[in-house]
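Secondary and tertiary structure notes
The chain contents come next:
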Amino acid sequence: MAKSSIKSKKTYKFKAELTQLLHMIVHSLYTHPEVFLRELISNASDALNKVRFLQLTDQEITDPDADLKISINLDTKKQLFSIEDSGIGMTEEDLIKSIGTVANSGTLKFLEEIQKKGKVPEGDLIGQFGVGFYSVFMVTDEVVIETRHADPGSKGYRWTSNGQGSFTIEEIDRKKRGTSISFRLKDEHKDFSEDYRVKSTIQKYSNFVGFPIEIGKEKANTVDALWRRSKDELKEDELIEFYKFVANDFEAPLGHLHLSLEGAVNFKALLFVPPKAPMNLFYDLEDKGLHLYSNRIFIQDDAKELLPEYLKFIRGVVDTEDLPLNISREVTQHSPVMAKIKTILTTRILNMLEDWSKNDLGKFEKFYNNFGMLFKTGVNSDFGNRDKIIKLLRFESTAKPKGELVSLDDYITRMKKKQKEIYYLSGEDRDIVERNPNLEYFRKNDIEVLLLTDPVDVFVIPSINEYDKKPLKSIDKADITLDDEKDKDSKDDDSLNETMINSLISVFKETLGDKVADVTVSKRLVNSPVTLVVGKEGLDPQMERMMKIMNQEVTPRKKILEINSGHHLIKNLSRLNIGDSKDPLLRKSILQLYESAMLIDGNLTNPTEFVQRLNEIMEEATK
Ligand code: ADP
């Protein structure tokens, strides 16, 4: 027995979360078993890009003349599948680290979320979370990886696993650089050992991979820089296929933008607005960026520097001649070329959205419903384009039924003759805001109020001090200027005179003590006896609620209680007050009114006391 040829085989255990993940992949993500092919091709293509980068930076590598390509070999009779690339390959450490653990923090978060919900979300998520390689276990029970890193000193290794908790690694003789992955297909997936099945899957998901993919000797994909064609050479179905490829999506995009610029900076871009937002708009887009090419050569697939945060949902490709091919990630981050491209892309995207808002409302609304929450934050971050973004904001409004949105420009066309301000009110949802007593005056006088129901609104809208020279004002603040003239002639005989009002107000103040900042007569109430409003300097109540949710320190400001002197209940209280200002029912009623207003604001903390008092009052009323 030749001793030298026996090389030790080591067994490793998968990390616990990986075993769990594998189980889930095999048992729950069966809906699209063909994604395994896309994932393996995408890994091979990454590996080829990496080796090309080494070549471009003149580093010494194994097999410098090998063609950069992906080869697939099939054996239909034996149900065998293998895919090989001449990419960067893997060292022993890579095999342990990259293949043996779940490195991506997003994946773990994804796992937790699934465990919480108890089911796997719809659609294709497997590729988004860096668990790509393991999708092979959907179609096979055992996988063999043979690989050799491009580094001239490196050795060949074989990695084997059945995905059941452990894997083995042994050293092998391998002359070629790169990686081959092979396995026998499960009976129910033996169709992936047939040419036509593999070819059509490649055309569906991987058609635009930047390297030739060969099945046997035949090339299966189009290696075509679609974005370099002129507009009229681009066909709709090609655009859709290309979008699915760059965005890893199953559906067609909502719209696209094709740019070709020459001048201070030269680039071509093909950008898309996806049809749907990811599960969590803020979290799931974190690692995303555009694909960056330098003169048709792929550089990176997550160039975040090309778009501002608030447009991060845009997918697509930018190809420029103004960057050197061997540019590193660090350099792209600070490159003035990238900054210039970003400025241009931002303007063009905003123009496109503006165009949709005017000429294709359905499209614009789909965009806004999906990405509005993120888009709005641009008001606070992109000062250069602030006005453009503000023009594109949309809100629910008292002038429209629930679900219909209006712009600030729409609002202005409906403003009353003497109206100088744009009014808004924020709250958790449309139904809750509609019940807010602060709306009564506006409703009665037919003055439109924007209803801000998106939690992001409270961070964005108060920062827009004015639009078209008209101040934006929250109607639950104390300092809005309402028309004093209202209802002068409709005053009835039993209306309260000033002495009566002042006397009643002082009993309110005495009873409520430091629960409120002040008690005043309201101009905004029509049907409700009282309401709570925020002082001029106070936080918007919705903002206060948001900050509490985010565990931020808030010292809630005391509010001002406004009373409606025309309301029968207030008149009754005034009568009680004239009879005996110490009347316990008067005091009880004042406390009850205050707490009812707290309840409407969503701030009542002690419902037991509230109900007890209510019962006492009812008992007296029914005596
Ligand atoms: P992801 O590709 O999202 O990182 P995968 O599970 O698909 O997740 O792959 C994990 C890692 O394994 C890759 O990031 C890469 O480092 C390595 N890898 C996978 N396939 C190959 C390959 N064909 N050549 C070189 N490295 C590979």
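Residues numbered from 1 in each chain as written. Predicted model: local features only at pLDDT ≥ 70, side-chain atom pairs only at ≥ 80, totals over all residues. Heavy atoms only, no water.

Let us look at the overall build of the protein chain. Along the protein chain, the regular secondary structure elements total 20 helices and 22 strands. The burial tally for the protein chain puts 50% of its 623 residues in the buried class. A sequence separation of at least 24 residues applies to 71% of the contacts in the protein chain between residues at least 6 apart. Per element, the accessible surface of the protein chain, about 31000 Å² overall, is 49% carbon and sulfur. (Helix = DSSP H or I, 4+ residues; strand = E, 2+ residues; numbered from the N terminus. Buried < 20%, exposed > 50% of the residue type's maximum accessible area, 1.4 Å probe, protein only. Contact = heavy atoms within 4.5 Å. Areas by Shrake-Rupley, 256 points an atom, 1.4 Å probe, with all protein chains shown as cover.)

In this structure the tally under the stated criterion is 27 aromatic pairs. The interplanar angle of 55° and the centroid separation of 5.6 Å between the aromatic rings of Phe-364 and Phe-367 together place this pair among those described as tilted. Of this pair, Phe-364 and Phe-367 both sit in helix α9 (residues 361-375), three residues apart, which is roughly one turn of the helix. The exposure classification of Phe-364 matches that of Phe-367, with both residues buried. Each residue in the set Phe-208, Trp-227, Phe-242, Tyr-243, Phe-245, Phe-272 and Tyr-293 is aromatic and connected to the rest through ring pairs, giving one cluster. (Phe/Tyr/Trp six-rings, centres within 6.5 Å; stacked < 30°, edge-to-face > 60°.)

Counting buried residues along strand β6 (residues 166-172), five of its seven residues qualify, which places the element largely inside the surrounding structure. Bridge analysis of strand β1 (residues 9-13) against β6 gives five bridges, and the strand direction is antiparallel. When the sheet's bridge partners are listed, Thr-11 is paired in β6 with Thr-168. Of the pairings in the sheet, the one linking strand β5 (residues 156-161) to β6 comprises six bridges and is antiparallel in character. Bridge pairing in β6 places Tyr-157 opposite Glu-171. Counting the residues in the hairpin turn of β5 and β6 gives four residues, including Gly-163, whose phi is positive at 70°. (Pairing = 2+ DSSP bridges.)

The next point concerns the confidence of the model for the protein chain. For the protein chain, per-residue confidence averages 87 on the pLDDT scale, and 89% of positions sit at 70 or higher. Low pLDDT, under 50, characterises residues 1-5; the stretch is placed with one contact to residues that sit more than four places away or in other chains. (pLDDT = per-residue confidence, 0-100.)

Turning next to helix α5 (residues 195-205). Buried within α5 are the following residues: Val-198, Thr-201, Ile-202 and Tyr-205. Each buried residue of α5 sits inside an arc of 100° when the element is viewed along its axis, so together they form one side. Of the surrounding secondary structure, the elements contacted by the buried residues of α5 are α2 (35-56), β2 (70-75), β3 (80-85), β8 (213-215) and α6 (236-247). (Arc of directions from axis to C-beta.)

Let us now look at the nonpolar core. Ranked by internal contacts, the top residues of the largest apolar core, which has 72 residues, are Leu-345, Phe-367 and Phe-375. For this core, the element with the highest residue contribution is helix α8 (residues 336-359), accounting for nine residues. Leaving out residues up to four positions away in the same chain, Phe-367 has contacts with Leu-254, Val-273, Phe-313, Leu-353, Trp-356, Gly-372 and Phe-375. The next biggest cluster of nonpolar side chains, apart from the first, holds 65 residues, and it includes Leu-22, Val-136, Val-139 and Ala-150. (Core = buried A, V, L, I, M, F, W, Y, C linked by side-chain atoms within 4.5 Å.)

Now for α6. Taking 1.5 Å of rise per residue, the 12 residues of α6 would be expected to cover 16 Å, and the 16 Å separating its terminal C-alpha atoms lies within 8% of that figure. Within α6, the full set of buried residues consists of Glu-238, Leu-239, Phe-242, Tyr-243, Phe-245, Val-246 and Ala-247. The inward-facing, buried residues of α6 abut α5, β10 (255-261), β11 (267-273), β12 (290-294) and β14 (315-320). (Expected span 1.5 Å × (residues − 1).)

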